[in-house]
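Now for the letters of each chain:
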2 protein chains.
Amino acid sequence: MLAAHTDETVRGTRATGQESNSLDQRMAYATVRRLRAKEHVFCEGDEREHVFRVEEGVIAVYKTLPDGRRQIIDFAYPGDLIGLGVIGEHVLSAQATAPSKVRCLAAAALERIAETDAGLALKLYKAVCQELAATRSLLVTVGQRSAIERVAAFLLSLHRRTAPEGAATINLAMRRSDIADLLGLTIETVSRTLTKLRCMGVIDLEQGATRVRLCDLPHLLELANE
Amino acid sequence: MLAAHTDETVRGTRATGQESNSLDQRMAYATVRRLRAKEHVFCEGDEREHVFRVEEGVIAVYKTLPDGRRQIIDFAYPGDLIGLGVIGEHVLSAQATAPSKVRCLAAAALERIAETDAGLALKLYKAVCQELAATRSLLVTVGQRSAIERVAAFLLSLHRRTAPEGAATINLAMRRSDIADLLGLTIETVSRTLTKLRCMGVIDLEQGATRVRLCDLPHLLELANE
DNA sequence: CGGTACTTTGATTTCCTTCAATCACCGTGG
DNA sequence: CCACGGTGATTGAAGGAAATCAAAGTACCG
């Protein structure tokens, strides 16, 4: 936890607008890149030149094992930052699961500024802390929960992070295989679990399995085990 | 459960505003707390007053679910910081798995200094990035690997983080239940897997199952799948 | 339409968990 | 010194949750 090592994704800080706004300033000048579904933002081994902020869509940040198994570390939604904290090469890959837009920031410049701008450095710190909390939460889910608990927890976190206030319907914007690789399950198990939740009356699947209506949030919360 | 914080006065150093070594400076004045095996450094829900640096022993940082299941997020070894990046209350618990010593730093003071000291802020940022990388690596292990791969990966990471240069023997300094809760397995599976590794001639168990000699590192690396 | 990519559902297998018993280690006190 | 109780580790047998294998169903797009 000390020592110099590399690192990657980070969730965006809430747009405070106050304090040091070096980050926001640079955002305004950054170019936007459009991505089709399945297109990569960067790959493991790529030189790390930019930090990205998701503007639209969903970006899956993941790690692949030599034999092809894949663990998705996080889905980045609009407002989230990815690519922070890396020295040298990327150790993770990032891929759009749906058509997306990202804003590109020169990484070197950002960190050079942070060396003298405590406000910006603190902002980066907070952003990474938030990302760490999310990763820990996923670790608990994957390490301790059953399939139905994992899926319930995933739906709830998606709801919390992307649904507008009060909306009960969430847009998956990703395939079953993405959910499976996030939760450490297979696509078959994800599919079976979703149908089980539907039969229980907790959720409803709409529009060719891409949209999910959370009919019974309390029950879903209970199933997720907090 | 609240740990007694009787001996924790951090002697009054003033914020020097000096760059890179504010952290080390404060370390020098911080008091050391001794912990017995199983004693808690802090618990979920405790007010977060300090950041700790492990001086000796092993501290397990973990999260418990309402029904008692436990996921260890990380083992902190000498040199590691714990308790960073928390606002308000602790959401995790930290417990010594063996007799340990930690150095206590006032969290509020540390972060107040970071507000104007970019060097310190950047240091905190790097430390959290480091921790994030470790957590992600564990997530990949727990989400994708089989029991034998998990145990092999654990032994290797323990070796990397704690073994002196060239040493092939590692000291577990924790129970099977701690390893199980880290890897998302049961104590029985951990035990069986260790004996299987012993039968394969990859490791050797010494001193009442608390020390492990890694006889065949290349094979272990292969088993861990990178 | 026809083809592709993705999802769902079913049958079977596997790995890990659960339950249960035994064993080993260690400090204590008779 | 050794019987003892307690904690933790190991081992075995049985059961179960999810993986794997296989096939059919469904949406999408040229």
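Residues numbered from 1 in each chain as written. Chains lettered and ligands numbered in written order. Predicted model: local features only at pLDDT ≥ 70, side-chain atom pairs only at ≥ 80, totals over all residues. Heavy atoms only, no water.

Q: Before we move on, could you go through the pattern of salt bridges and cite the residues and values that matter?
A: One pass over the full model with this rule turns up 28 salt bridges over all chains. Of the charged contacts in the structure, one is a salt bridge between A:R213 and A:E206, with a shortest N-O distance of 3.3 Å. The class of A:R213 is partly exposed, set by a relative accessible area of 34%. For A:E206, a relative accessible area of 25% puts it in the partly exposed group. Note that B:R48 is salt-bridged to B:E111, the shortest N-O span being 3.3 Å. (Salt bridge = Lys/Arg side-chain N within 4 Å of Asp/Glu carboxyl O. Buried < 20%, exposed > 50% of the residue type's maximum accessible area, 1.4 Å probe, protein only.)

Q: Can you lay out the nonpolar core for me, pointing to particular residues and giving the numbers?
A: Counting 106 residues, the largest nonpolar core has A:I59, A:F154, A:L155, B:I59, B:F154 and B:L155 as the members making the most contacts within it. With residues near it in sequence (within four places) discarded, A:L155 still touches A:I170, A:L172, A:L194, A:L197, A:I203, A:V212, A:L214 and A:L220. One finds A:L110, A:Y125, B:L120 and B:L132 within the second-largest nonpolar core, a separate group that totals 39 residues. (Core = buried A, V, L, I, M, F, W, Y, C linked by side-chain atoms within 4.5 Å. Contact = heavy atoms within 4.5 Å.)

Q: Can you tell me about the interface of chain B and chain A, naming the residues and giving the values?
A: Listed as interface residues are 53 residues of chain B and, on the opposing side, 52 residues of chain A. Both faces considered, chain B and chain A share a buried interface measuring about 4,500 Å² in area, 66% of it formed by carbon and sulfur atoms. Among the residues of chain B in contact with chain A, B:Y125, B:R136 and B:L139 are the three that bury the most area, contributing 17% of the side total. Taken together, chain B and chain A are joined by four salt bridges. Measuring nitrogen to oxygen at the nearest pair gives 2.5 Å for the salt bridge that ties B:E131 to A:R136. Linking chain B with chain A are 12 residue pairs in polar contact (both at pLDDT 80 or more). Of all the elements in the fold, those that place two or more residues in the side of chain B that touches chain A are β5 (70-76), β6 (81-82), α2 (107-114), α3 (118-144) and α4 (147-162) of chain B. It is α3(B) that contributes the most residues to the side of chain B that touches chain A, 21 residues altogether. Residue composition of the side of chain B that touches chain A, grouped by class: 25 nonpolar, 11 polar and 17 charged. (Buried area = accessible area lost by both parts, 1.4 Å probe. Polar contact = N/O pair within 3.5 Å; in protein donor to acceptor, adjacent residues only side chain to side chain. Helix = DSSP H or I, 4+ residues; strand = E, 2+ residues; numbered from the N terminus. Nonpolar A, V, L, I, M, F, W, Y, C, P; charged D, E, K, R; others polar.)

Q: Summarise the state of the cysteines; cite the residues concerned and give the values.
A: The full count for this structure, using the stated rule, is zero disulfides over all chains. Sulfur of B:C43: no disulfide; nearest cysteine sulfur belongs to B:C104 and is 15 Å away. Not part of a disulfide, B:C129 finds its nearest cysteine sulfur in A:C129, a span of 9.1 Å. (Disulfide = S-S within 2.5 Å.)

Q: A description of the domain arrangement of chain A should follow, citing residues and the corresponding values.
A: Residues and elements named next belong to chain A. With domains assigned, chain A is organised as domain 1 (22-133) and domain 2 (145-224). Taken over both partners, the interface formed by domain 1 and domain 2 buries close to 1,100 Å², and the fraction arising from carbon and sulfur atoms is 51%. Per-residue buried area on domain 1 facing domain 2 is highest for R70, F75 and Y77; these three make up 48% of the total on that side. Counting across the domain 1 and domain 2 interface gives four salt bridges. Across the pair D178 and R70 runs a salt bridge, and its minimum N-O distance is 2.8 Å. Counting across the interface, domain 1 meets domain 2 through 10 residue pairs in polar contact (both at pLDDT 80 or more). Class assignment for the residues of the side of domain 1 that touches domain 2 results in eight nonpolar, two polar and four charged. (Domains from an automatic or database assignment.)

Q: Please provide a residue-by-residue account of the relation of the copies chain B and chain A, values included.
A: Here the second copy of the chain follows from the first by a rotation about an axis and a shift along it. With an RMSD of 0.1 Å, the operation that places chain B on chain A is a rotation of 180 degrees combined with a shift of 0.1 Å along the axis. In symmetry terms, the pair is related by a two-fold rotation axis. Considering only C-alpha atoms, the part of chain B nearest the rotation axis is B:A118, at 1.9 Å. In this assembly, 81% of the residues forming the interface of chain B have copies in chain A that are likewise at the interface, indicating an isologous arrangement. (Least-squares fit on C-alpha atoms with pLDDT ≥ 70 in both.)

Q: Break down the packing of α4(B) against helix α6 (residues 187-199) of chain B for me, citing the residues and quoting the values.
A: Residue and element names in this part refer to chain B. For the pair α4 and α6, interaxial distance at closest approach is 10 Å and the crossing angle is 75 degrees. Relative to α6, the element α4 lies roughly perpendicular. Residues A147, I148, V151 and L155 of α4 form the contact with α6, whose own contacting residues are T189, T193, L194, K196 and L197. The residue makeup of the contact of α4 with α6, split by class, is six nonpolar, two polar and one charged. (Axes fitted to C-alpha atoms, helices over the stretch in contact; angles between N-to-C directions. Parallel < 35°, antiparallel > 145°, perpendicular 65-115°, else oblique.)

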